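Report on the structure
Now for the letters of each chain:
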Amino acid sequence: MDFEFTEEQREFQKHISRYVDERVIPVAESLDDTEDFPRDIVKELGGLGYLGIKYPQEYGGSGLDNPNVFHCIFCEELARGSLGVASVLGMHTSTATHTVYEWGTEALRQEYLVPALAGDKIAAFGLTEPGAGSDAAAIRTRAVRTSGGWRLNGTKIFISNGTVADFVTIAAKTDPEKGVHGISLFLVDTRTPGFSVGRRLEKFSNKCSDTAELVLEDVEVGEDRLLGEENKGFTNVYLSLAIDRVMTAALALGVSRAAYQAALRYSKEREQFGRPIGKFQAVEFRLVDMLAKLKTAELHTYYAAWAADHGKNPVADAAMAKLVASEAASDICRMAVSIFGGYGLMKEFAVQRYLRDSFFPLVAGGTNDIMKLVIARQSGL
Ligand SMILES: Cc1cc2nc3c(=O)[nH]c(=O)nc-3n(C[C@H](O)[C@H](O)[C@H](O)COP(=O)(O)OP(=O)(O)OC[C@H]3O[C@@H](n4cnc5c(N)ncnc54)[C@H](O)[C@@H]3O)c2cc1C
């Protein structure tokens, strides 16, 4: 058993951590205010080679044997600076590009994956619909065969990176009678006629990550845009979506760490009754509770990433990591705000942003009720 990062992982963490301190934290508040998509950061991280952690070198990736632990470090560090920035990149670097890598033709990989890993194209993944969230089998977007390929019609909602995406993997029904076994995946270039952004959705949380409603009206795509086998889309992508939950856990971990560190610093600086508030046992105990939750979340998250890297079935561990880490983030960020007293509600302190952002991992990748269902099924309950 080894609970330490390797030398290579420590070095990686040091570099991305420095990047976050220098380039993300200074702009995190203004990105939250303006809700601007962090395009410069995406481009810069592409140039630095961070977007291809999960992919082979031939496509501009890192060619790592154990990419999930590295990807977790990357997402955790980014979320320590801005959960909005981290979730943009988390989605971009995982399922939204994985579908092209895994099931795209070589030409599609060159056209979409390579520029995406360089930070020149933005990727999105569209499964959720107004009437189908937890119940993915209920999607109504329809793809029907045409002479040269497929015609897609439908509406997607809550799609991360949706208004800025250059390409979106769209889940659509190809056999409506068959539930999840009648879903296929299609790569849609967002310049295709009939594709449009319905609206950019306004949120109180995770504000600089773009979230959109997407509309497909008679979108015609070629045969080559079917990713993977017809009707196998959902079953194929299920594992990738399951592994993405480790990434969501890492996002939760990053914002938790930021909140804990901010609260710890403040507890040493703020004095009441002639002493730092951290000297009051009530505050000290709250910090200990936060630290214990942080440690628990960290163990679950990195264990799940390690399990995925070691070829173990990651589905239950990833769901558990997401459940534990997102609930921990919610508690830790709330406790951090309470340690700041009235100042915790003020814009000048980042803890209010951490608390708002901590709602995102509770829902992303499936709600925690759904995580419990997944764990129950996987554990034979
Ligand atoms: C900011 C943001 C970004 C997102 N990004 C993407 C994206 O990029 N691509 C994408 O496809 N989707 C995305 N989503 C969608 C996300 O995956 C869904 O919001 C999530 O799966 C829940 O679906 P829903 O919102 O429709 O809630 P619902 O499914 O309507 O759930 C409502 C409530 O009912 C509970 N519930 C539902 N079914 C059950 C059940 N069987 N047992 C117990 N409780 C149940 C839920 O836990 C929840 O509390 C995003 C969502 C958000 C908020």
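Here's a quick rundown of the structure. The structure presented is a predicted model; accordingly, all values stated were derived computationally and were not measured. (Residues numbered from 1 in each chain as written. Predicted model: local features only at pLDDT ≥ 70, side-chain atom pairs only at ≥ 80, totals over all residues. Heavy atoms only, no water.)

**Here we look at the overall build of the protein**
On a plain count of helices and strands, the protein comes out with 12 helices and 10 strands. The C-alpha radius of gyration computed for the protein amounts to 21 Å, which stays within 12% of the reference 21 Å derived for 381 residues, consistent with globular compactness. Looking at the protein as shown, the accessible area adds up to about 16500 Å², and 53% of this sits on carbon and sulfur atoms. Of the charged side chains in the protein, 42 are positive and 51 negative; the average position of the first set lies 4 Å away from that of the second. (Helix = DSSP H or I, 4+ residues; strand = E, 2+ residues; numbered from the N terminus. Rg over C-alpha atoms; globule rule 2.2 N^0.38 Å. Areas by Shrake-Rupley, 256 points an atom, 1.4 Å probe, with all protein chains shown as cover. Lys, Arg positive; Asp, Glu negative; His and termini not counted. Charge placed at Lys NZ, Arg CZ, Asp CG, Glu CD.)

**Quick look at the packing of helix α9 (residues 315–339) against helix α12 (residues 368–378)**
Where α9 meets α12, the axes come as close as 9 Å, and the angle between the chain directions of the two elements is 145 degrees. Between α9 and α12 lies a crossing of left-handed hand. Residue-level inspection shows V315, A316, A319, M320, K322, L323, S326 and E327 of α9 in contact with α12, the latter providing N368, M371, K372, V374, I375 and Q378. Taken together, the residues of the contact of α9 with α12 sort by class into eight nonpolar, three polar and three charged. (Axes fitted to C-alpha atoms, helices over the stretch in contact; angles between N-to-C directions. Left-handed = near helix turned anticlockwise from the far one by under 90°. Contact = heavy atoms within 4.5 Å. Nonpolar A, V, L, I, M, F, W, Y, C, P; charged D, E, K, R; others polar.)

**Considering the site of the ligand**
In the neighbourhood of the ligand, 19 residues make up the surrounding shell, with T128, S134, F158, T367 and D369 lying closest. Here an oxygen atom of the ligand sits 2.6 Å away from a polar atom, N or O, in the side chain of T367. Across the complex, the protein chains shield 63% of the 980 Å² of accessible surface that the ligand would expose by itself. In this structure the site holding the ligand corresponds to the largest pocket. (Near = heavy atom within 4 Å. Polar contact = N/O pair within 3.5 Å; in protein donor to acceptor, adjacent residues only side chain to side chain. 1 Å grid on protein atoms, 1.4 Å probe; cavity = no way out; pocket = protein on both sides within 12 Å on 5 of 7 lines; lining within 4 Å. Sits in = over half its atoms within 2 Å of the grid points.)

**A few points about the packing of aromatic side chains**
With the rule as written, the count across this model stands at 16 aromatic pairs. Judged by centre distance (5.3 Å) and plane angle (75 degrees), the ring pair of F5 and Y302 falls under edge-to-face. With F5 in the segment before α1 (7–34) and Y302 in helix α8 (residues 281–309), this pair connects stretches of sequence that are 297 residues apart. With relative accessibility at 11%, the residue Y302 sits in the buried group. Seen from their ring centres, Y50 and F74 are 5.8 Å apart, and the 10 degrees between their planes marks the pair as stacked. In this pair, Y50 sits in the loop between α2 (39–47) and α3 (67–81) while F74 sits in helix α3, placing the two residues 24 residues apart along the sequence. Comparing Y50 with F74 shows no difference in burial state: the two are buried. An aromatic cluster is defined as three or more aromatic residues linked by ring pairs; in this entry it consists of F12, Y50, F70 and F74. (Phe/Tyr/Trp six-rings, centres within 6.5 Å; stacked < 30°, edge-to-face > 60°. Buried < 20%, exposed > 50% of the residue type's maximum accessible area, 1.4 Å probe, protein only.)

**A word on unusual backbone geometry**
Although it is not a glycine, F158 adopts a positive phi angle of roughly 65 degrees. Tracing the sequence through the fold places F158 in strand β3 (residues 149–160). The phi torsion at N231 lies on the positive side, around 70 degrees, for a residue other than glycine.

**Topic: the nonpolar core**
Counting residues in hydrophobic clusters, the biggest one holds 66 residues, and the most contacted among them are I16, L45, F74, L78, L89 and M290. Contributions of two or more residues to this core are made by α1, α2, α3, α4 (83–93), α7 (233–269), α8, α9 and α10 (351–357). Per-element accounting of this core gives the leading share, 14 residues, to α7. Residue contributions to this core reach at least three from each of two domains, namely domain 1 (7–117) and domain 3 (234–378). Discounting residues that sit within four places of it in the chain, L78 has contacts with V20, V24, L45, V85, A86 and L89. (Core = buried A, V, L, I, M, F, W, Y, C linked by side-chain atoms within 4.5 Å. Domains from an automatic or database assignment.)

Nothing here speaks to function; it is geometry throughout.
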